[in-house]
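# Examination of the molecular architecture
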Amino acid sequence: MITFTPLSGAARSSRTVPLAYLLQVDDIRILLDCGSPDWNPENIETQSEPGDEVTHPWQEYCDIVRKYAPEIDLVLLSHGDLAHSGLYAYAYCHWDLRAPCYTTLPVQAMARIATMEDVEGIRDEQEVDVLEEENDESVVTEGVESSEPRSPKLKNEPKKFVATVQEVHEAFDAVNTLRYSQPTHLQGKCQGLTITPFAAGHTLGGTIWKIRSPSAGTIVYAVNLNHMRERHIDGTVLYRPAAGGVFEPLARPDLFITDADRVNVVTSRRKDRDAALIDAISATLSSRSSLLLPCDSSTRLLELLVLLDQHWKYADFRFPICLLSRNGREMLTFVRSMMEWLGGTVSKEDVGVDGSGRTGGARRRRGDEDADDDALGAFALRFKFLEFFPSPQSLLQTYSSKEPKLILAVPASLSHGPSRLLFSDFAAVPDNVVLLTSRGEEGTLGRILFDKWNNSQRGDDKWDKGRIGSNVMMDGAMTLKINSKVPLQGAELEAFLAKEKAAKDKEAAHQASMARNQRILEADEDESDEDSDSDSDEEDEVERALDESQMDTDEISNPANGSPRKRKISKNEDDADWGLDIDEGLTKQLLSFDIYLKGNVSKATSFFKSAGGQTHRFRMFPYVEKKRRVDEYGETIDVGMWLRKGKVLENEADDEATREARRNQAEGETEAPREPPSKFITSEVEIQLACRLLFVDMEGLNDGRAVKMIVPQVNPRKMIIVHAQATAADALIDSCANIRSMTRDIYAPSVGETVQIGQHTNSFSISLSDELLSTIKMSRFEDNEVGYVTGRVASHFSSTIPILEPSGPAIPTPNANLLHTPRILGSRPIQILPRSTMIGELKLTALKSRLASVGVQAELVGEGVLICGAGARRDQSSSSQDTVAVRKTGRGRVELEGNVSDIYYVVRKEIYNLHALVAT
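Just so you know, these numbers come straight off a predicted model, no measurement behind them.

### Points about the environment of alanine 477
Within the secondary structure, alanine 477 sits in strand β20 (residues 477–487). The sequence separation of alanine 477 and alanine 428 amounts to 49 residues, and the corresponding C-alpha distance is 9.6 Å.

Following this line, the structure appears as structure tokens:
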């Protein structure tokens, strides 16, 4: 049984992003995508009533992901942008989403870069780890009790679920990468499932997932597709007219999960969109003005860079292309190492050698500090006109605000980061152009600007009517909230330093109090123990050698910092490292006494009386017997000698440069720069809008015409629509209803609504004996081999899995009517022949291709009829005796009509070859 539940990005929903869906196949739970919302929309807080708690639009989605995360058995990521993979890192590290995750290599790299860019930009402007209520018991100091009652429900959850950079690397390092068309048979709880990725287009490495289950059949998950070939990637393999339509391995699935976000959209031709984009850029730069182009940090940025680089070379422009991104250089380095995944005009044909015999890229690009600039890579990915800037401040230090330039700034939603900060200064300058290439998420500044532009267009020029609109002059005022991080100054800095000093003093006093209590409770017997054996001299020597080696390495010149108590701990640790007996002092530290007696017990000379006649009291329990530390040959190893010899050999082997480098490295580690105290502030800026605004669709997605053409040709048995608004979902359902061969089992669930498909089946495991396995005749069908067996189930004590064994020689039981039929003298007894079963579904197009390969001409006539042989040539002089008709009259029923001839047997043989023949 299949159970499907949209967690976010469902059909009939106003918010179509992020995408996250829970697919349950029998007892296996699969998470399809794990996108993150935009954490900084313009109106982030909602409050139903004055007394209610303030909630955030992403709270419900994050709560349900956190609820299901520990129960997930498999995670599949389809695209490398934030809408599909942005929340995976946080869920992996904080919500125990440790299930195996699979995706392609480019999606792993692009998702890592996009998530890092997002978390670095947010954490650089906002305090995301603020706890709403400090109620963790670990922050309460020892001996101090809180007078306020604690709620059993923890409320110290962050308002925004943003991971750290280290957590992002940790999460995506654990992702398993696959290649296109690589079937993977899963193990563990997912045993029996086979997953295969196919190219989806739209983004580099974008994936269509094919999930094959022995009980539920084939499931295809395909969202955000693009069948058109672009400059840096090819289109999806799902539909290719040149190859005959729908890709055969993805045709006729049992369940097809797809999106319908752009069903009501008619996209203009790519040639017109590219021309409008280039014309707007050229006209603005020629008039000595600048353009701001908000973009994403990984996926769709590549298409823009290739387009701009080609135009800059063609027009011989000298205007700079400025990319404001912290990870832009790293992203291009990743892409250059994955040339086999690229397509379009940037393909492996661009990799080559120039006329001088040197690899492409002989001239170093200005500002490119990569050491592999001359390495093997595509010429189209060198981008010699592109310059990288980590922040708007670095851009202003290189180019003044009056110089004409094209600025690509992240993120595309303008909710935070460089794009929002630049827009606050950029929009007030007349003749500047803000060029949008995507609509943005609902509620963000990017969507607000898109709606402003779209509402200013005429009815026929709107973005979804297949026309290119015109730019509009923005006017009026807009108030923006700008988040920033500023260093502390004046009284705030003094208060922070005083608070930090008070915390350090309190911690030092606490540590001193604990040490004093420890000294009072335990007596120090190490310095004046008269029963110490001769091993103490050697131990001191080893300690001195270790201390000298440590001081030489770390450049510590004050040996008086370590107390005798620290030396004792060091000695005990040294003993443990060399596998010797633990010293008595460490043993006493690890033991606990209920009663302690006063007095210095370490200076006793006898048990009852001291030399001065004063009586001392001693601990009476427990007693630790001291043992001499010897090796198995009776001679103690001189560890100190080996340490000194190793140090001498190391110093002799190193030259002066090596020693200087090691010393500088140690100084760099000990003197790491400390970030100055700072605070996060939010300021409201009122902007007088005077720039121009233009939108050109560069999202690279299928429009409504493509979706309505591809889905019926896939012809699924059942279909689920996701990632669409109500009007778009209804339009796709109505379009499919007009096609007679299309299924009527189409579902469009909302968020949290569960769709159940099929019935729950129980599967059992059984092992075939070697004797039975050797008698089975297997027939291949698609990716499986099918055979018919008859036996008895036996259980053995050596195995927990039952074994199917042969049931003995089969004795034919003739029909009762045959028993009474008199047999003619000399005739053979009647034998019952085994029945044959043909498994598979005959496709006339596949049969036509096989007949053409063996030299038999065939043509489709009417619906469900294939004429083979002489009748397909339409030659009146040809004999009708060599004509065979193949007709499908119903489900699982094929009729072969024609005279007995060579053509008849050839056609019958090819029909048999398209099925799995099993004798039952």
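### Re the side chain of threonine 184
Inspection of the secondary structure assignment puts threonine 184 in strand β7 (residues 184–185). Accessibility expressed as a relative area gives 14% for threonine 184, which makes it buried. For threonine 184, the residues in contact, after removing those within four places along its chain, are Tyr102, Leu178, Leu193, Thr194 and Ile195.

### Let's talk about the packing of aromatic side chains
Ring pairs (aromatic) are described by centroid distance and by the angle formed between their planes. For the coordinates displayed, the defined rule picks out 20 aromatic pairs. Aromatic pair tyrosine 88 and tyrosine 92: ring centres 5.9 Å apart, planes at 40 degrees, arrangement tilted. In this pair, tyrosine 88 and tyrosine 92 both sit in helix α3 (residues 88–94), four residues apart, roughly one turn of the helix. Taking relative accessible area as the criterion, tyrosine 88 reaches 0% and is therefore assigned buried. One aromatic cluster is present, built from ring pairs that chain together Trp39, Trp58, Tyr90, Trp95 and Phe161. Residue placement shows arginine 98 over the ring face of tyrosine 92; its charged tip is 4.1 Å from the ring centre.

### Some words on the sheet that holds strand β13 (residues 255–259)
Read from one edge of the open sheet, seven strands run β7-β8-β9-β10-β13-β23-β24, paired in mixed fashion. Because the sheet does not close on itself, it has two edges, and the strands there are β7 and β24 (746–747).

### As for the pairing of strand β36 (residues 916–919)
Side-chain alternation along β36 places Ala916 and Val918 on a buried face and Leu917 and Ala919 on a face that remains uncovered. In terms of strand pairing, strand β31 (residues 836–839) meets β36 through four bridges, oriented antiparallel. Looking at β36, one finds that threonine 837 is bridged to valine 918.

### Re the pattern of salt bridges
Scanning the model with the defined rule gives 31 salt bridges in all. Members of the salt-bridge network, linked through shared partners, are Asp261, Arg262, Arg439, Asp697 and Glu699.

### Some thoughts on the sheet that holds strand β33 (residues 865–869)
Read from one edge to the other, the open sheet built from four strands follows the order β32-β33-β34-β35, with strand pairing classed as antiparallel. Across the chains shown, the open sheet's two edge strands, defined by having one partner strand only, are β32 (858–860) and β35 (893–898). The sheet shows a mean angle of 20 degrees between the axes of neighbouring strands, direction not considered. Direction of pairing for β32 relative to β33: antiparallel, over a ladder of three bridges. Within the sheet, the bridge partner assigned to alanine 858 lies in β33 and is cysteine 868. Running at roughly 10 degrees to β33, helix α22 (residues 844–853) makes contact with β32, β33 and β34 (883–890) of the sheet.

### A look at a nonpolar patch on the surface
Taken together, the side chains of Ile766, Leu768, Leu773 and Val793 present a nonpolar region at the surface, about 340 Å² in accessible area. When you line up the elements, leucine 768 lands in strand β26 (residues 767–768). By relative accessible area, which is 31% here, leucine 768 ends up partly exposed.

### Description of the packing of helix α6 (residues 270–286) against helix α7 (residues 301–315)
Following both chains from N to C, one finds α6 and α7 inclined at 60 degrees, their axes separated by 11 Å at the closest point. The angle between the axes of α6 and α7 places the two elements in the oblique class. Crossing geometry of α6 relative to α7 is assigned as right-handed. Residues Asp274, Leu277, Ile278, Ile281, Ser282 and Leu285 of α6 pack against Leu304, Leu307, Leu308, His311 and Trp312 of α7. Its residues assigned to classes, the contact of α6 with α7 shows eight nonpolar, two polar and one charged.

### A few points about the pairing of strand β18 (residues 433–436)
Side-chain direction in a regular strand flips from residue to residue, so the side chains alternate between the two faces of the sheet. Side chains Val433 and Leu435 project from β18 onto one buried face, and the interleaved Val434 and Leu436 project onto a second face that is buried too. Looking at chain direction, strand β14 (residues 291–294) and β18 are connected through two bridges and run parallel. The partner of leucine 292 across the bridge, within β18, is valine 434. Alignment of β18 against strand β22 (residues 692–695), held across four bridges, turns out to be parallel. When the bridges of β22 are listed, valine 434 appears paired with leucine 693.

Cut-offs and rules
The written sequence of each chain sets the order in which its residues are numbered from 1. Thresholds applied to this predicted model are a pLDDT of at least 70 for local features of residues and 80 or more for the giving and counting of side-chain atom pairs; totals over whole chains, interfaces and linings are not thresholded and use all residues. Note that the side-chain values use all heavy atoms of the structure and ignore hydrogens as well as water. Runs of E in the DSSP output that reach at least two residues are strands. Runs of H or I that reach at least four are helices, and both are numbered from the N terminus. Think of it in three bands: residues with accessible area under 20% of the maximum for their type are buried, residues over 50% are exposed, and the middle band is partly exposed, with areas taken using a 1.4 Å probe on protein chains only. Whether two residues are in contact is decided by their heavy atoms: any pair within 4.5 Å suffices. Aromatic pairing here means that ring centres of Phe, Tyr or Trp (its six-membered ring) are within 6.5 Å. Orientation follows from the plane angle: under 30 degrees is stacked, over 60 is edge-to-face, and everything else is tilted. By definition, being over a ring means that NZ of Lys or CZ of Arg is both within 6 Å of the ring centre and within 35 degrees of the ring normal. Two strands pair if DSSP finds at least two bridges between them. For this analysis, a salt bridge means a side-chain nitrogen from Lys or Arg found within 4 Å of a carboxyl oxygen belonging to Asp or Glu. For helices, the fitted line uses only the C-alpha atoms of the stretch in contact; every axis is such a line through C-alpha atoms, and the angle between N-to-C directions lies from 0 to 180 degrees. Each patch is assembled from residues with relative accessible area greater than 30% and no salt bridge, linking like charges that lie within 9 Å and nonpolar side chains (Val, Leu, Ile, Met, Phe, Trp, Tyr) that lie within 5 Å. We get accessible surface area from the Shrake-Rupley algorithm with a probe of 1.4 Å; when it comes to residues, only the shown protein chains can shield them. Angular relationships are summarised with four words: roughly parallel below 35 degrees, roughly antiparallel beyond 145, roughly perpendicular across 65 to 115, and oblique for the angles in between. Left-handed describes a crossing whose near helix is turned anticlockwise from the far helix by less than a right angle; the clockwise case is right-handed. Under the convention adopted here, Pro, Cys and the residues Ala, Val, Leu, Ile, Met, Phe, Trp and Tyr are nonpolar, Asp, Glu, Lys and Arg are charged, and Gly plus all remaining residues are polar.

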